[in-house]
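Breakdown of the fold
These are the residues of each chain, in order.
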Amino acid sequence: MIIDEHFAARTARELVSAAKVPEPGVLDGLVEGMKDNALTAQDLVLDSFLLPPEHADDVRGRLAAGSVLVLDQVSWVKANAQSVNGMLDEAALPAPVSPATAKAGAVEVAGVLSLLSTRVLGQFDPFAVETGRLMFVAAAVLIAERAMDVDPRDFRMWVALHEATHQVQFATAPWLREHMRTLLSGAVSTRLTMPGIGGIVDLFATLGRIVKGEASIIDLIRDENMRTALDEATAILSLLEGHADVVMDEVGAGVIPSVRRLRRKFEARRDAAQGGFLTNLLGMDLKLAQYRDGAKFVRAVRREVGQKGFSRIYAEPANLPCTAEIHEPQLWLDRVHG
């Protein structure tokens, strides 16, 4: 175990403000509603993928095997510690992780995640368990919808559509989990062997500075192969997020009356917010511009070859776009579709 999950949760319990925990009655309604929204969103998103019937049946089976969790902030911190342990290959680390180091790393992770726990609305976690977990942070959802003054029912379904798209992406391409795990685990393992980063505690201490906007360790990487891997990971994340943005708006238009207002309000909020845990871990700056780049790529490809032609992206790793192709979709079309 690289991160002591229980110690991370215990530490987070000391850091998370009790004022941000929803009232019991509000929390019960939110939990029930978000779980229902997630299941509805899965069906709507899967239909939008236009998969052949036999493939769609396989995807439904994988979706059914996954779980939907609506968590408080402390539970979300623990869940992400589990995700880190599932993502990283302990055998690839330069030295075994001792129990004391796992606890020290847990303290650093809990500090970072406690800061993010009121900004991250939800996420799909493909790493902690093979079937994947769709997670929503109850307090963060309530804080966001109140701050933006939007219709709660519409907003919660809109958020569910975005995260369910990620769940369907990974269920459609079951190889994507291991592909991303290899890229991300290699990136973190390399950072642990870089000059100035002596171990898992130093890594997450540096991560804490990144979240606060005090540092960026992407520039410390000198290895060309690792820079290439990070570039590939960035392109994939831009694709996945851009595709989710397109789906949540297109599918949302049919089921969410205020979808345009939600997009306008949310873009302003997200543009001012910092990235999520995973992108900060990698030192990536996945701000609004990169979400837009990914969405532009998706729309451009579908204009040329339709949804079914676009779906070839999820057929095999070789079909994933690189950064240059994200910015120039015709390059991807020429390479994959000839």
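Summary of the structure given here. It should be emphasised that the depicted structure is a prediction, and the values quoted were computed from it without experimental measurement.

As a further point, take the sheet that holds strand β3 (residues 133-137). Taken in spatial order, the three strands line up as β1-β3-β2 in an open sheet, and their pairing is mixed. The open sheet is flanked by β1 (67-71) and β2 (122-125), the only strands paired with a single partner. Direction aside, the axes of adjacent strands within the sheet are offset by 20° on average. Here β1 pairs with β3 via five bridges, running parallel. Note that in β3 the partner of L69 across the bridge is M135. Against the sheet, helix α4 (residues 73-87) engages β1, β2 and β3, with an angle of about 145° to β3.

In this section: the side chain of H166. Mapped onto the fold, H166 is located in helix α7 (residues 152-172). Using a relative accessible area of 7% as the deciding quantity, one classes H166 as buried. One polar contact links H166 to H162, side chain to side chain, over a distance of 3.3 Å. Excluding its chain neighbours within four sequence positions, the residues that come into contact with H166 are F124, L240, E241 and A244.

For the rest of this paragraph, the subject is helix α5 (residues 99-116). Its 18 residues place the ends of α5 25 Å apart at the C-alpha level, agreeing with the 26 Å of an ideal helix rising 1.5 Å per residue. The complete set of buried residues in α5 reads A102, G105, A106, V109, A110, V112, L113, S114 and L116.

With the rule as written, the count across this model stands at ten salt bridges. Several salt bridges share partner residues, and in doing so they unite D47, D57 and R60 into one network.

Moving on, we get to helix α6 (residues 138-148). In an α-helix, one turn spans 3.6 residues; hence positions three or four apart end up facing the same way. Counting buried residues in α6 gives eight out of eleven residues, a clear majority hidden from the surface. Where α6 is concerned, the buried positions are A138, A139, A140, V141, L142, A144, E145 and M148. Phi for D149, located one or two positions after α6, is positive at around 55°.

Turning next to the packing of α4 against α5. The interhelical angle for the contact between α4 and α5, taken along N-to-C directions, is 125°, at an axis separation of 9 Å. Classified by the angle their axes make, α4 and α5 are oblique. Pair α4 / α5 crosses with right-handed handedness. Where α4 abuts α5, its residues W76, V77, N80 and A81 lie against A110, L113, S114 and L116.

Here S258 shows up in the loop between α10 (224-255) and α11 (259-272). Note: C-alpha distance between S258 and V150 (108 residues apart in sequence) is 8.5 Å.

The rules behind the values
Residues numbered from 1 in each chain as written. Predicted model: local features only at pLDDT ≥ 70, side-chain atom pairs only at ≥ 80, totals over all residues. Heavy atoms only, no water. Pairing = 2+ DSSP bridges. Helix = DSSP H or I, 4+ residues; strand = E, 2+ residues; numbered from the N terminus. Axes fitted to C-alpha atoms, helices over the stretch in contact; angles between N-to-C directions. Contact = heavy atoms within 4.5 Å. Buried < 20%, exposed > 50% of the residue type's maximum accessible area, 1.4 Å probe, protein only. Polar contact = N/O pair within 3.5 Å; in protein donor to acceptor, adjacent residues only side chain to side chain. Expected span 1.5 Å × (residues − 1). Salt bridge = Lys/Arg side-chain N within 4 Å of Asp/Glu carboxyl O. Parallel < 35°, antiparallel > 145°, perpendicular 65-115°, else oblique. Left-handed = near helix turned anticlockwise from the far one by under 90°.

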